[in-house]
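The primary structure of each chain is shown beneath.
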Protein chains: 6
Amino acid sequence: MATLGFIEYKDASPEVRAVYDDIMATRKTDWINNFWKAIAHDPVTLRRTWEDVKQIMGPGALDAVSKEMIYLAVSVSNQCNYCIASHTAAARKAGMSDAMFKELMAVVGMANETNRLVSGYQVEIDDRFKTT
Amino acid sequence: MATLGFIEYKDASPEVRAVYDDIMATRKTDWINNFWKAIAHDPVTLRRTWEDVKQIMGPGALDAVSKEMIYLAVSVSNQCNYCIASHTAAARKAGMSDAMFKELMAVVGMANETNRLVSGYQVEIDDRFKTT
Amino acid sequence: MATLGFIEYKDASPEVRAVYDDIMATRKTDWINNFWKAIAHDPVTLRRTWEDVKQIMGPGALDAVSKEMIYLAVSVSNQCNYCIASHTAAARKAGMSDAMFKELMAVVGMANETNRLVSGYQVEIDDRFKTT
Amino acid sequence: MATLGFIEYKDASPEVRAVYDDIMATRKTDWINNFWKAIAHDPVTLRRTWEDVKQIMGPGALDAVSKEMIYLAVSVSNQCNYCIASHTAAARKAGMSDAMFKELMAVVGMANETNRLVSGYQVEIDDRFKTT
Amino acid sequence: MATLGFIEYKDASPEVRAVYDDIMATRKTDWINNFWKAIAHDPVTLRRTWEDVKQIMGPGALDAVSKEMIYLAVSVSNQCNYCIASHTAAARKAGMSDAMFKELMAVVGMANETNRLVSGYQVEIDDRFKTT
Amino acid sequence: MATLGFIEYKDASPEVRAVYDDIMATRKTDWINNFWKAIAHDPVTLRRTWEDVKQIMGPGALDAVSKEMIYLAVSVSNQCNYCIASHTAAARKAGMSDAMFKELMAVVGMANETNRLVSGYQVEIDDRFKTT
């Protein structure tokens, strides 16, 4: 059970319900996952986080599946188990195929490897890579 | 200067040159960036790393710009300055616009935030997210 | 079960018991949590770690609840589940209210977000922030 | 220089200036630090990030200096150099003395040490620490 | 269960079986651990990862137990639970005694502590430590 | 310059000098590197950290070069530039050859890669790896 427990829809205050309703409407789903129910104890954080996620993950220069895969890449790199489970589901819903998932994992693994080779060999930034 | 210094093309052994040549041919460029010149002191690691990168970053289910942006997302999350500089350049070369870069950063920031809200609130994985 | 198992009080050597006794006396409690029982297989590490914790977490320029919240902030950022569970309990015992917990989480989330925006945008340190 | 460069006040659009003005008014200062000038290329992210920071770091259950020290603790744990420099300055402005800084660092160091002892010894969460 | 499930030997394609056979022969064992069975859904990643591991962990300037302990040190620092469990087992098989394990943990803990003291105090690199 | 600046030997209090003297005697060297001079503003942390390092890095079940390489592996994984520079020097002084350094880097890179493949594929711990 989460630190403060979960707030279910039926027990939620009107302000929390309003966020839950918007989450379900935006995501075209009929349930709320644990993350939101856990932070709902802090309605200000609930609303701010949801508004931020809605804005950032919405349509833009990047499509939905790319954004979800980037979210997943970060969560894997940080080794956040909940986030990996939830964003794997979200990425699949947005269109990530098994083939895309496998390539994503390969890239994430490789980046984590070369990030450390770079720091371990103390590689300096090439002048051509510097912004001026 | 990197830990073991850099191996320039003119000073490289034939096996190192062969990798350098393949890097330049594959990337359609005429120079080698510092990362490869730093790890070239270990020709086995140089070859293995390059072969891995070439395979992973090559055409597949994900396009080149998506892969570079994922690489950049991981490097930003890990805060590897060299990798951020080099993969920002690579992602741009592969087609990342400023608008795409900005959205990428927003997603990476958000993912790092919610990863910690999740762990801080000790959120359990929803049954629906579990693989079975 | 931990790698080397747990050493219970009744099975402990005199030197381990001495540390356990000091932990319970200092913390005004009658039990030892798993962390100490796991590292007790290495009595030197047990004693050093406890002496360090006792010194660092004791009264000083920062009060006990602030120190426990900082400890929790780091543990959340590192996503160490055991540490989050144990230091949430310790922070509460030291006086952290639910309202304080919620603000703490908001700050930790925000810091993790902006840490990556900073590195992703490759922001240079302002001269005014440099120590001289 | 940051990836997209900095947007100075005199070159800023009205919407960016509005955020800059609010930052300076809220913080009672007459300059804008590089972080904001770097992300100002994305006015939506600039506004969202500033609104979030203003809300989260404002008065509440925790005082300003505690919040800045927690921000600094996370930045140190993540080893974000810019963030360490800027939040050390901010924490001092909010009242962090040298003595408080030293204790903060000691706690951050200790937490990072025991986080790894816990994971390395594979310590299980005590039943008493579990939320129910 | 892993994201894509596990591929057991009896259900594996010839190319996957070939890797499994090489793992068992190289490691002188008669079973395949979950990691390989999870990534076997991507036979290219399975082969590449195994070939890399075999090359890197094989005999060289460092002996097998040193390599396994370094692998474990990284896994503990990253707090990857699976990796800690599997590489603790591997290190023991390669000759790590309990005394060696305890010292390893002490070093990993200490390094994680001083890494943050260094960044928190913003310590500059000594000229003598710079490569030239 | 470090946050609080450096305390040079000639300006040090007797208690700081005593630690400096012990560092130089133990390490058979005639200078103090910046890390100690930066934290010397907090003599309690200076002494505690030095006593811990001396105890942990001293002779035991692991030899000096192994311990320094493990320290370096963690520092590389955490991407702490100062620590990488100082512990590369320390490891070399303790006997790390270039060949050993190269293998160390290869292992650190590989571990960071597979740590993420494991979490990304959500691999469960094998029963055989569980401690009982």
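Structure report, in brief. Chains are numbered independently. Their residues run from 1 in the order of the written sequence. Whichever chain is written first becomes A and whichever ligand is written first becomes 1, with later ones labelled in order. The model is predicted, so local features are restricted to residues of pLDDT at least 70 and side-chain atom pairs to those at 80 or more, both for listing and for counting; the totals for chains, interfaces and linings are taken over all residues. With hydrogens and water set aside, each side-chain value is computed from the structure's full complement of heavy atoms.

Some points on the relation of the copies chain B and chain A
Operational definition: Copies are brought into register by a least-squares superposition over C-alpha atoms of residues with pLDDT of at least 70 in both. In this description, contact between two residues means that some pair of their heavy atoms is separated by no more than 4.5 Å.
Least-squares fitting of chain B to chain A yields an RMSD of 0.0 Å, with the transformation described by 0.0 Å of translation along the axis and a rotation of 180°. Look at the turn and shift together and you get a two-fold axis relating the two. Most of the interface of chain B is mirrored in chain A: 98% of its interface residues are interface residues there too.

What about the pattern of salt bridges?
For the record, the criterion: The working definition used for a salt bridge is a side-chain nitrogen of Lys or Arg within 4 Å of a carboxyl oxygen of Asp or Glu. Here a helix means four or more residues in a row that DSSP labels H or I, a strand means two or more in a row labelled E, and each is numbered from the N terminus. A 1.4 Å probe rolled over the protein chains alone gives each residue an accessible area, and that area as a share of the maximum for its type sets the label: buried under 20%, exposed over 50%, partly exposed in between.
Summed over all chains, the structure comprises 42 salt bridges over all chains. Of the charged contacts, one joins A:Lys130 and A:Asp127 as a salt bridge, the two residues approaching to 3.3 Å between their closest N and O atoms. The closest approach of N and O atoms between D:Asp22 and D:Lys54, which form a salt bridge, is 2.6 Å. With D:Asp22 in helix α1 (residues 14-27) and D:Lys54 in helix α3 (residues 43-57), the pair connects residues that are 32 residues apart, well separated along the chain. A relative accessible area of 23% means that D:Asp22 is categorised as partly exposed. Assessed through its relative accessible area of 30%, D:Lys54 is described here as partly exposed.

Overview of the interface of chain E and chain A
The test is simple: The term buried area refers to how much accessible surface (probe radius 1.4 Å) is lost by two components on association, counted for both of them together. Polar contacts, as used here, are pairs of N or O atoms within 3.5 Å; protein pairs need one atom able to donate a hydrogen and one able to accept it. Residues neighboring in sequence count only if both atoms are side-chain atoms. Polar here means any residue other than Ala, Val, Leu, Ile, Met, Phe, Trp, Tyr, Cys and Pro, which are nonpolar, and Asp, Glu, Lys and Arg, which are charged; Gly is therefore polar.
Counting residues at the interface gives nine residues for chain E, matched by eight residues for chain A. Summed over both sides, the interface of chain E with chain A buries roughly 760 Å², with 50% coming from carbon and sulfur. Three residues, E:Thr3, E:Leu4 and E:Asp42, lead the burial of chain E against chain A; their summed loss comes to 49% of the area buried on that side. In this assembly, chain E and chain A are joined by zero salt bridges. The interface formed by chain E and chain A contains two residue pairs in polar contact (both at pLDDT 80 or more). In terms of residue class, the side of chain E that touches chain A is built from two nonpolar, five polar and two charged.

Some thoughts on the state of the cysteines
Residues and elements named next belong to chain B. Quick note on the threshold: Disulfides are defined as cysteine sulfur pairs within 2.5 Å.
Counted under the stated rule, the structure contains six disulfides over all chains. Two residues share a disulfide in this structure: Cys-80 and Cys-83, whose sulfurs sit 2.1 Å from each other. Given an S-S torsion of about 50°, the disulfide between Cys-80 and Cys-83 has right-handed geometry. A single burial state applies to Cys-80 and to Cys-83, both of which are buried.

Describing the side chain of C:Arg48
Going by this rule: This count recognises Lys and Arg as positive and Asp and Glu as negative, with His and chain-terminal groups excluded.
Looking at the element boundaries, C:Arg48 is found in helix α3 (residues 43-57). The side chain of C:Arg48 is buried and forms no salt bridge, while F:Asp52, the nearest opposite charge, is found at 4.2 Å. Within the local environment of C:Arg48, its side chain forms a polar contact with the side chain of F:Gln55, the two groups lying 2.6 Å apart. The residues contacting C:Arg48, other than those within four sequence positions of it, are D:Glu113, E:Ala106, F:Asp52, F:Gln55 and F:Ile56.

Details of the relation of the copies chain E and chain A
Put simply, the second copy of the chain is the first one after a rotation about an axis and a shift along it. Expressed as a screw transformation, the operator carrying chain E onto chain A has a rotation angle of 120° and an axial translation of 0.0 Å, and the superposed copies differ by an RMSD of 0.0 Å. The relationship between the two copies is best expressed as a three-fold rotation axis. Comparing interface residues between copies, only 11% of those in chain E also sit at the interface in chain A, which points to a heterologous contact through distinct surfaces.

So, the side chain of D:Ser66
Following the sequence through the fold, D:Ser66 ends up in helix α4 (residues 64-78). Within the local environment of D:Ser66, its side chain forms a polar contact with the side chain of D:Asp63, the two groups lying 2.7 Å apart.

By themselves, these observations are geometric and do not establish any function.
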